[in-house]
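What the coordinates show
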Amino acid sequence: MKAEQNELLTRTGPGTAMGELFRRYWLPALLSEELPEPDCAPVRVQLLSERLLAFRDSSGRLGLVDEFCAHRGVSLWFGRNEEDGLRCPYHGWKYDVTGQCVDVPSEPVENGYAARIKLKSYPLIERGGVLWTYMGPPELQPEPPMYEWATVPDGHRHVSKRRQECNYLQAMEGGLDSFHSTFLHRMSVGDDPLLKRDARSAGYLKADPHPVFVPRESPGGLYIATRRRNGDESYYWRVTQWLMPCFNLFPPYEGNPYGAHAWVPIDDEHSYTFSIDYHPDRRLTSDELEAMEAGRGIHCRTIPGTFIPVANKGNDYLIDRQAQKQRRTFCGVMGVAEQDAAVQESMGPIEDRTRENLVGTDKGIIMTRQRLMRAAKAVGQGQPPPGIDHAAQRVRAFSAVLPRGAALETAPEMQVSVNLRVQPEEDHA
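Please read all numbers here as calculations on a predicted model, not as lab measurements.

Each value, and the rule that gives it
- Each chain has its residues counted from 1, running along the sequence as written.
- Local features in a predicted model are, by the rule used here, given only for residues with pLDDT of at least 70; side-chain atom pairs are given and counted only at 80 or more, and totals for whole chains, interfaces and linings are based on all residues.
- Processing note: side-chain calculations cover all non-hydrogen atoms of the structure and skip hydrogens and water entirely.
- Among the buried residues, those of types Ala, Val, Leu, Ile, Met, Phe, Trp, Tyr and Cys that are joined through side-chain atoms within 4.5 Å form a nonpolar core.
- Note on exposure labels: buried denotes an accessible area under 20% of the residue type's maximum, exposed denotes more than 50%, and partly exposed covers the range between, all computed with a 1.4 Å probe on protein chains only.
- Only protein atoms enter the 1 Å grid, on which a cavity is a set of points fitting a 1.4 Å probe that cannot get out and a pocket is an open set with protein on both sides within 12 Å along at least 5 of 7 lines, lining residues being those with an atom within 4 Å of a point.
- Grid points are joined across faces, edges and corners, and a volume is the space filled by probe spheres set on the points.
- Only Asp, Glu, Lys and Arg are considered charged, only Ala, Val, Leu, Ile, Met, Phe, Trp, Tyr, Cys and Pro nonpolar, and every remaining residue, Gly among them, polar.
- Helix and strand definitions here come from DSSP, where helices need a minimum of 4 consecutive H or I residues and strands a minimum of 2 consecutive E residues; each element is numbered from the N-terminal end.
- Of all possible arcs, the one meant is that of the directions from the helix axis to the C-beta atoms.
- Whether two residues are in contact is decided by their heavy atoms, any of which lying within 4.5 Å being enough.
- Note on geometry: axes are C-alpha line fits, over the in-contact stretch for helices, and angles between N-to-C directions span 0 to 180 degrees.
- Angles are sorted into four bins: roughly parallel if under 35 degrees, roughly antiparallel if over 145, roughly perpendicular if 65 to 115, and oblique for all others.
- We call a crossing left-handed when the near helix sits turned anticlockwise from the far one by less than a right angle, and right-handed when that turn is clockwise.

This next bit is on the nonpolar core. Counting residues in each nonpolar core, the largest one holds 66 residues, and the members touching the most others are Leu21, Trp132, Trp149, Met172 and Leu372. Judged by nonpolar contacts, the second largest core, of 15 residues, contains Cys69, Cys88, Val104 and Leu119.

The space that makes up the largest pocket amounts to roughly 990 Å³. Together, 43 residues line the largest pocket, and Ser178, Ser181, Arg197, Arg238 and Tyr253 are the ones closest to its centre. Classifying every residue of the lining of the largest pocket by side-chain character gives 20 nonpolar, 15 polar and eight charged. Around the second largest pocket, the lining is made up of 28 residues, and of these Glu34, Lys161, Tyr272, Thr306 and Phe307 lie nearest the centre. Counting only elements with at least two residues in the lining of the second largest pocket, the list comes to β1 (26-31), β2 (43-47), β12 (157-164), β17 (258-267) and α6 (286-293). Taken together, the residues of the lining of the second largest pocket break down into 13 nonpolar, six polar and nine charged.

Turning next to α6. Turning to α6, its buried residues are Glu288, Ala291 and Met292. For α6, the arc enclosing every buried residue in end-on projection is 100°, short of the 170-degree limit, so these residues lie on one face. Seen from the buried face of α6, the exposed residues on the opposite side, beyond 90 degrees, are Ser286, Asp287, Glu290 and Glu293. Contacts from the buried residues of α6 go to β12 and β18 (270-278). Once α6 finishes, Gly295 follows within two positions and takes phi at roughly 90°, a positive value.

This brings us to the packing of helix α4 (residues 168-176) against helix α9 (residues 363-380). Axes are the key here: two packed helices are described by the angle between their axes and the distance separating the axes. One can describe the packing of α4 onto α9 by two numbers: an axis separation of 10 Å at closest approach and a directional angle of 135°. Taken together, α4 and α9 sit at an angle that is classed as oblique. Like other packed secondary-structure pairs, α4 and α9 cross with a definite hand, here right-handed. Note on element contacts: α9 touches α4 through Ile365, Thr368, Arg369 and Leu372, opposite Tyr168, Leu169, Met172, Glu173 and Leu176. Here the residues of the contact of α4 with α9 sort into six nonpolar, one polar and two charged.

This is the structure we're talking about:
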């Protein structure tokens with residue numbers, strides 16, 4: 001990869017090509033639990049290198065506005081959330097959820113000064129246990145997101161969030177690279193209740209330890225498919241869905257919930273990973289929820305009051321060399337999410353991709369980068385980005401056994417029409 005391509009892919013601030021692409025999608029900004037009730041404390045939010053503030057007003061309406069007061073630049077995080085607005089603690093200027101100033105106590109009401117002051121703001125909606133924002137041109141705002149995990153009933157889903165000390169792209173590429181599980185997670189999935197493999201699937205995997213990677217373009221991103229031999233007449237396929245610009249869906253093993261991720265840039269050197277387990281047809285069990293909340297599977301334990309993992313860069317991810325020698329963990333780090341973070345963050349804040357030497361198992365990574373660069377170029381030329389329509393979002397990751405001569409597109413699972421079950425009470429503009 002050329003240095004200028006790496007620069008294009010990894011920079012998402014205002015005015016950058018990739019930043020403009022990201023701003024055309026609804027992106028996860030916070031968990032719903034971060035703004036639990038009307039007039040609760042506001043929350044600092046940094047997305048795409050913009051410093052913002054989220055709050056829920058007295059009527060339950062959601063706002064995402066510039067963090068700083070238009071008067072003299074005080075952080076509104078110190079403000080009072082009261083009477084349908086956020087009041088600056090310095091001189092009392094007050095703003096509603098749209099960023100409109102509604103009161104300047106030092107100025108006569110009749111001069112209309114407050115009406116001329118408005119903070120930058122973005123829409124914030126609630127869906128699937130997540131607060132989503134759209135940061136692009138208002139006239140191009142797409143319909144709210146319809147990913148399956150965001151539309152199932154609440155009891156069918158669990159969402160967690162953690163901070164990563166690296167650019168979004170290397171975190172996302174780690175999630176799309178299924179081959180790394182053969183080594184990095186080798187000794188960590190057998191006893192994990194959320195990642196356990198049923199005997200049938202384990203047999204398919206063991207029968208062919210050298211899968212062929214067959215990524216293909218999809219309407220909303222890519223089908224990142226792996227194919228294994230299953231006897232002389234069929235193949236075992238596992239298909240991960242990557243959806244523009246930063247989402248993926250991966251198939252479960254029999255009986256487990258489905259999995260999903262969203263990798264959202266905080267700035268160019270930090271990102272948030274939203275991790276989702278969901279089941280389209282049943283509630284999550286108490287045992288599954290207990291494991292998720294304990295940081296098993298794709299989730300991790302975080303320091304209370306933060307989204308910083310307990311095992312993090314500052315403490316070398318609590319690496320245990322003795323456990324590594326005893327074959328309780330392949331890399332010495334315990335936990336699948338923590339293992340991912342350790343290797344992804346070890347590359348530095350932004351990986352220098354000019355030094356890479358890619359191989360066949362990296363086909364999905366290569367196509368992801370190409371798809372992102374093409375989409376960014378298209379948006380820069382005034383074209384709509386892929387994957388903003390509901391049809392592209394209404395897809396599911398899957399596994400299937402198909403005859404050797406059958407095209408992947410003929411799999412019945414590929415034709416699944418996801419039954420949307422949006423709960424209207426979850427949407428608050």
